Amino acid sequence: MASALWWRRLARRVAGFGALVSLVFAAACGGDTTGRNDAGGGLTTVRVNSVGGAADVPLYIAKEKGFFAEEGLQVEFVPVKNTSDLPALLSGGEIDFAIGQPNAAFFNAAATGLKDPVVLATNTYDVRTRIPGLLVRKELADSGEVKTAADLKGRKIAVIGPSTSSQYFAEKVLEGAGLTASDVKFTVLGLPDMVTALSSGAIDAAWMFEPLASKAVKDGAGVRMASVGEVAPGFPSWVQASEKIMGDRKTVQAFVNALMKAIADYDGLLKPDDRDAIVAVLVKYTQQKDASDWDGVELPTVNVEGGFDQSLVDAFQAYLIDRGVVKTHTDVAKLSDFSFRDAYLAAAPSAAAPR
């Protein structure tokens, strides 16, 4: 994971070399991560991570529709495969903003005293969200061997990482059927490998994300059993601002403003008649370059008010502490700064009109 990278950069920061590391990186990349340099045309350059999937659609819409430019920003997307790397990337100056979900890396970074606050929630699962979800091998479902989650006892379930939100959600499904983690065999696989493993019979079920979950169903590898909307409606993805960029509150406000506009715009497009417009943006900004790749793929839901239910994050944090991957409880409210969100809503209250 990111442990070696994390501690190396933390040591540099404590020793007072963090600013130098950031400046060297900025020079190598031809830019500055302070959010103060002119990128040309009066725009300020900032960097944000992207996993290159549907979950980042608010970012893509903000760029495609010019919301970032309207706010005076030139935004560069930094590809990141593992969101556990985000605390190290923020503290090292490689990115100014991070988009991800609550995870052990976030809580452990907070425990060291680093302050990269949550400034906005983007995507939130709701009761209609079917994917991410638990897929069962089609052969088992068709034969009747696995009809409910209770039938998964003793079987092998794939997740993207141990003690992650994926395993947490899967365990919530099992809990509803009277099972615990010890009643099944969890194994770690990458998402593409899950499709292959379901097809070959190497695993019996998998907690999967889009667009590969829909591909697995389309290819006859798996069938949906349970959804995140059933076990964790309201669980968020959120935006963190680096401690460094927080020194430039004007830039942070501009970034939040642009994303809030994009979230409202995207939410308004979540209708069957407008799906093609969203897919066109995803085709442009992700690796899924054929529009047909998005057929049947469930698009993420968002919260136009930009907030989240802290009790859901606290419950997940308690799970991580119980598993021993997080040692200290963190008060997320003290690591959040929603003043930028609040300022945007105060100036444009209609942006968060109830649906």
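Going by the structure above, here's the rest.
Computed from a predicted structure; not experimentally measured. (Residues numbered from 1 in each chain as written. Predicted model: local features only at pLDDT ≥ 70, side-chain atom pairs only at ≥ 80, totals over all residues. Heavy atoms only, no water.)

Thoughts on the sheet that holds strand β7 (residues 185-188)
With respect to topology, five strands assemble into an open sheet ordered β7-β6-β8-β5-β9, the strand pairing being mixed. Sheet topology places β7 and β9 (222-227) at the edges, where each strand pairs with a single neighbour. The mean angle between the axes of side-by-side strands here comes to 30°, regardless of whether they run parallel or antiparallel. Of the pairings in the sheet, the one linking strand β5 (residues 133-137) to strand β8 (residues 205-208) comprises four bridges and is antiparallel in character. The residue bridging Leu135 from the neighbouring strand is Ala206, located in β8. Running at roughly 155° to β8, helix α9 (residues 191-200) makes contact with β5, β6 (156-159) and β8 of the sheet. (Pairing = 2+ DSSP bridges. Helix = DSSP H or I, 4+ residues; strand = E, 2+ residues; numbered from the N terminus. Axes fitted to C-alpha atoms, helices over the stretch in contact; angles between N-to-C directions. Contact = heavy atoms within 4.5 Å.)

Observations concerning the pairing of β5
When you tally the buried positions in β5, you get five out of five residues, the bulk of the element. Across five bridges, the pairing between β5 and β9 is antiparallel. The partner of Leu134 across the bridge, within β9, is Ala226. (Buried < 20%, exposed > 50% of the residue type's maximum accessible area, 1.4 Å probe, protein only.)

Things to note about the pattern of salt bridges
Evaluated as defined, the whole model comprises 18 salt bridges. Between Asp142 and Lys138 there is a salt bridge whose closest N-O contact spans 2.6 Å. Of the two residues, Asp142 and Lys138 both sit in helix α7 (residues 138-143), four residues apart, roughly one turn of that helix. Here Lys138 falls in the partly exposed class, since its relative accessible area comes to 30%. Measuring nitrogen to oxygen at the nearest pair gives 2.3 Å for the salt bridge that ties Glu171 to Arg323. Of this pair, Glu171 sits in helix α8 (residues 165-176) while Arg323 sits in the loop between α14 (310-322) and α15 (339-347), placing them 152 residues apart in sequence. Accessibility expressed as a relative area gives 34% for Arg323, which makes it partly exposed. The network of salt bridges with common partners includes Arg137, Glu139, Glu145, Arg155 and Asp204. (Salt bridge = Lys/Arg side-chain N within 4 Å of Asp/Glu carboxyl O.)

Overview of the side chain of Ser336
With respect to the helices, strands and loops of the structure, Ser336 is situated in the loop between α14 and α15. Only 2.8 Å separates the side chain of Ser336 from the backbone oxygen of Val332, close enough to count as a polar contact. Apart from the residues lying within four places of it in its own chain, the contact partners of Ser336 are Val118 and Phe308. (Polar contact = N/O pair within 3.5 Å; in protein donor to acceptor, adjacent residues only side chain to side chain.)

Some points on the packing of aromatic side chains
Inspection of the entire model under this criterion finds 17 aromatic pairs. On the basis of an interplanar angle of 5° and a centroid distance of 5.4 Å, the ring pair of Tyr60 and Tyr285 is categorised as stacked. Placement of the pair is Tyr60 in helix α3 (residues 57-64) and Tyr285 in helix α13 (residues 275-285), with a sequence separation of 225 residues. When the centroid spacing of 5.7 Å and the interplanar angle of 40° are considered together, the rings of Phe169 and Trp207 count as tilted. Taken together, the positions of Phe169 in helix α8 and Trp207 in strand β8 put the pair 38 residues apart, joining distant regions of the chain. The exposure classification of Phe169 matches that of Trp207, with both residues buried. (Phe/Tyr/Trp six-rings, centres within 6.5 Å; stacked < 30°, edge-to-face > 60°.)

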